[in-house]
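Chains, contacts and geometry: an overview
Each chain, written out:
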Amino acid sequence: MCGIVGYIGHREAYPIIIKGLQRLEYRGYDSAGIALYDGNAIKLSKTKGKVSDLKNKIENEISTDGTLGIGHTRWATHGVPNDVNSHPHYSNSGDLVIIHNGIIENYDSLKKELIKRGYTFHSDTDTEVLVNLIEEVQKNDNLKLGKAVQVALNQVVGAYAIAVFDKNKPNEIVVAKLGSPLAIGIGDDEFFIASDASPFIEYTKNAIYLEDEEMAIIRRGKKIKVRKIKNDVLVDPYVQELQLNLEQIEKGGYDHFMLKEIYEQPSAILDTFRGRLLSNEGMIKLAGVEDNMKKFLAADRIIIVACGTSWHAGLVAEYIFEDLARIPVEVEYASEFRYRNPVITEKDIVIAISQSGETADTLAAIKLAKSKGAFVFGVCNVVGSTIARETDAGAYTHAGPEIGVASTKAFTTQITVLTLMALRLARAKGTMSSSEFRHHLIELETIPGKVEEALKSDAYVKTVAEIYKDSKNCLYLGRGFNFPVALEGALKLKEISYIHAEGYPAAEMKHGPIALIDEHMPVIVIATKMGHYDKVVSNIQEIKARKGKIIGIVTKGDTSVKELADHVIEVPETLECLTPLLTTIPLQLLSYHIAVMLEKNVDQPRNLAKSVTVE
Ligand code: F6R
């Protein structure tokens, strides 16, 4: 969580940093701050609130001159969001200034030790402890900043991406990483530091992604030096050419990133297919699966670990893998899996699903599974992310940057990759005939066009949103492949509109939730033609008998649900296992419109952050 930005070079640092913070606001947005060095002194300004609040404050508070600076946008861990707890943090002498993304777990013992040595603390943060620890090491042992950072970090337990500078050595910034991302953009005689490449994409396409336990000393006009924090070994960093472009990280005429990303789903799914779904040749090619086919075929079961929306994609995959490839699948919350001593053997395959590739619980679950000998396969969106690197093999979703905090295109592209995997394995295991397989490929290929068609319900979904926007509760029901979609629909509504919503398997309703139903309760029922249609229609009858308001998500041309429901939203017909890719669309739009009508911050809902890099 938290976004960090830094600059050292020949340009004015302030505009680069403030724009960079705005691009990283998806990572955290409860407070923000900036420290600039103007050639004489450090100018620091920080505030509770958004980067726009910081911008207003700075323009009245400090001059923004300087070609070196660091900035931070925060998602609070230690200490409430307020001005004092905001980053950057000074050391006691005022010489050092730091920004930090992560958590210092042993901050309490370090703080007590520093207090004994006369240090005082103004904030409740672990970060202020770290900057003073660096200062203490620097002063005690008379070390240069880089060395002091290294010695201090060797005493630290936790996770960090930090950038720190010393006003007495204003030609260098020291950065270090463990568990939180840190990219360094390399320009002509200038360097950019950021949590991801988006803050510097218009200045350079060359970047180094620091590995865990690495630090770098970035000096004006000099070559970057990267070292291992533990043993001081110099590392030759890999300079990556960035594929990202500016258009991908801008709203492109949409009011919100979430809406843009909902509308990007047809092309995002096409990008997920590219080079993999070869329907003319009757083939699916997924390098990560091909290269490890023996392992997949020998696996006793697949365990899927993920969090949130990615966990919902995992649940859809459970239905698809079991149905098509006849492989037993268990889907686990990574946060539970990591702490419950699960039974894992070398014959298990663990699939970790993560949009950001940085989720701390998913990462810990991967490490646990690997330690028990399981083969771990990653399904990630962010290329080069920690999870993508930690897994034994994987397949990217290629959805492009997802900036809205509520996941949309990441979900549908995760399902797409997992469907491709299930189909490939089904073919290899012989659980599907070649004609069935081909039929699935041809149908899968039509999905982007059908998503496009599903998006045409937008105007009608908006009218439904208007009717139900003031509801206090909402129930989402689905069965089979669409049960996880009901969970996802409910999550979307609660996270951006703050309306309480529950997702349930439709048949479970009578075991409890039915008690909630009265004339004030909207019930969104996914009732596509295939599968358990008749059973779901019976569930709809039960809701109607109790005066619940019914919003049916139905297959185009449906008549039965139309007679019973208050509203129906149609999606095109497809194979049952592919329906989640279509039924999800109106649910995303419904949450979006309700949140906009309630004047909520759609892209940055309260208390949330895009990558959850803490437990
Ligand atoms: C909800 C949402 C979260 C994430 C979850 C996992 O819209 O975005 O529930 O799905 O935090 O994140 P990743 O997929 O990055 O591991």
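Residues numbered from 1 in each chain as written. Predicted model: local features only at pLDDT ≥ 70, side-chain atom pairs only at ≥ 80, totals over all residues. Heavy atoms only, no water.

Stated formally: UniProt positions are given in the numbering used here, feature names are shortened, and annotations may be inferred rather than shown by experiment.
An unreviewed UniProt entry annotates the protein as Glutamine--fructose-6-phosphate aminotransferase [isomerizing] originating from Winogradskyella thalassocola. In its Catalytic activity (unreviewed entry) section, UniProt records this for the protein: "D-fructose 6-phosphate + L-glutamine = D-glucosamine 6-phosphate + L-glutamate".

**Section: the packing of helix H15 (residues 434–455) against helix H20 (residues 580–597)**
Applied cut-off: To obtain an axis, a line is fitted to C-alpha atoms, over the contacting stretch when the element is a helix, and the angle between two such axes runs from 0 to 180 degrees between their N-to-C directions. Only DSSP runs of H or I covering at least 4 residues are called helices, and only runs of E covering at least 2 are called strands; the numbering of each starts at the N terminus. Any angle that falls under 35 degrees is termed roughly parallel, while one over 145 is termed roughly antiparallel, one within 65 to 115 roughly perpendicular, and all others oblique. If you view the pair so one helix is near and one far, a crossing is left-handed when the near helix is turned anticlockwise from the far one by less than a right angle, and right-handed when it is turned clockwise. Contacts are assigned to residue pairs with any non-hydrogen atoms lying within 4.5 Å of each other.
One way to put it is that H15 packs onto H20 with a least axis distance of 9 Å and a crossing angle of 25°. One finds that H15 runs roughly parallel with respect to H20. Seen along the crossing, H15 lies across H20 with a hand that is right-handed. Across from Leu-444, Ile-447, Lys-450, Val-451, Ala-454 and Leu-455 in H15, the residues of H20 making contact are Leu-581, Leu-582, Ile-585 and Leu-589.

**Side note on the UniProt feature "active site" (unreviewed entry) in the protein**
Operational definition: Here the term cavity refers to a set of points on a 1 Å grid, laid over the protein atoms alone, in which a 1.4 Å probe fits but cannot get out; the term pocket refers to an open set having protein on both sides within 12 Å along at least five of seven lines, with lining residues being those that place an atom within 4 Å of a point. Each residue is placed in one exposure class: buried if its accessible area under a 1.4 Å probe, protein chains only, is under 20% of its type's maximum, exposed if it is over 50%, and partly exposed if it falls in between.
The positions UniProt marks with the feature "active site" (unreviewed entry) are Cys-2 and Lys-610. The greatest C-alpha distance among the residues just named is 9.4 Å, despite their covering 609 residues of sequence, which places them together in space. Those annotated residues that line the second largest cavity are Cys-2. In this structure, Cys-2 sits in the segment before strand S1 (3–8). If we ignore the near neighbours within four places in the chain, the residues touching Cys-2 are Arg-27, Gly-28, His-72, Thr-73, Arg-74, Trp-75, His-100, Asn-101 and Ser-195. Tracing the backbone through its elements, the reader meets Lys-610 in the segment after H20. Residue classification places Lys-610 among the buried residues on the basis of a relative accessible area of 12%.

**Description of the domain arrangement of the protein**
For clarity, the cut-off: Note that domain bounds follow an automatic or database assignment of domains. Defined in terms of a 1.4 Å probe, buried area is the accessible area two parts forfeit on being brought together, summed over both. One side-chain nitrogen of Lys or Arg within 4 Å of one carboxyl oxygen of Asp or Glu is enough to make a salt bridge.
Considered domain by domain, the protein is made up of domain 1 (3–248), domain 2 (251–445) and domain 3 (456–603). Each of domain 1 and domain 2 has a C-alpha centre, and these two points are 34 Å apart. With 11 residues of domain 1 at the interface, the matching set in domain 2 holds 8 residues. Between domain 1 and domain 2, roughly 870 Å² of surface is buried when both sides are summed, and carbon and sulfur atoms account for 46% of that area. Counting across the domain 1 and domain 2 interface gives 1 salt bridge.

**Things to note about unusual backbone geometry**
For the peptide bond that leads from His-87 to Pro-88, omega is 0°, which places it in the cis range. Mapped onto the secondary structure, Pro-88 falls in the loop between strand S4 (68–74) and strand S5 (89–90). The phi angle at Asn-142 is positive, at roughly 50°, despite the residue not being glycine. As for its placement among the helices and strands, Asn-142 is situated in the loop between helix H4 (126–140) and helix H5 (145–153). Overall, Asn-142 belongs to the exposed group, its relative accessible area being 71%. For Glu-213, which is not a glycine, the phi torsion comes out positive at approximately 65°. If you trace the backbone, Glu-213 turns up in the loop between strand S11 (206–209) and strand S12 (214–219).

**Some words on the packing of aromatic side chains**
Convention followed: For Phe, Tyr and Trp, where Trp contributes only its six-membered ring, two rings pair if their centres lie within 6.5 Å, and the inter-plane angle classes them as stacked under 30 degrees, edge-to-face over 60, or tilted in between.
A complete count under the given rule lists 8 aromatic pairs for this structure. Consider the rings of Tyr-7 and Phe-192, whose centres lie 5.1 Å apart with planes at 55°: the pair is tilted. Of this pair, Tyr-7 sits in strand S1 while Phe-192 sits in strand S10 (residues 191–194), and the two are 185 residues apart along the sequence. Taken as a pair, Tyr-7 and Phe-192 share a single burial class, namely buried.

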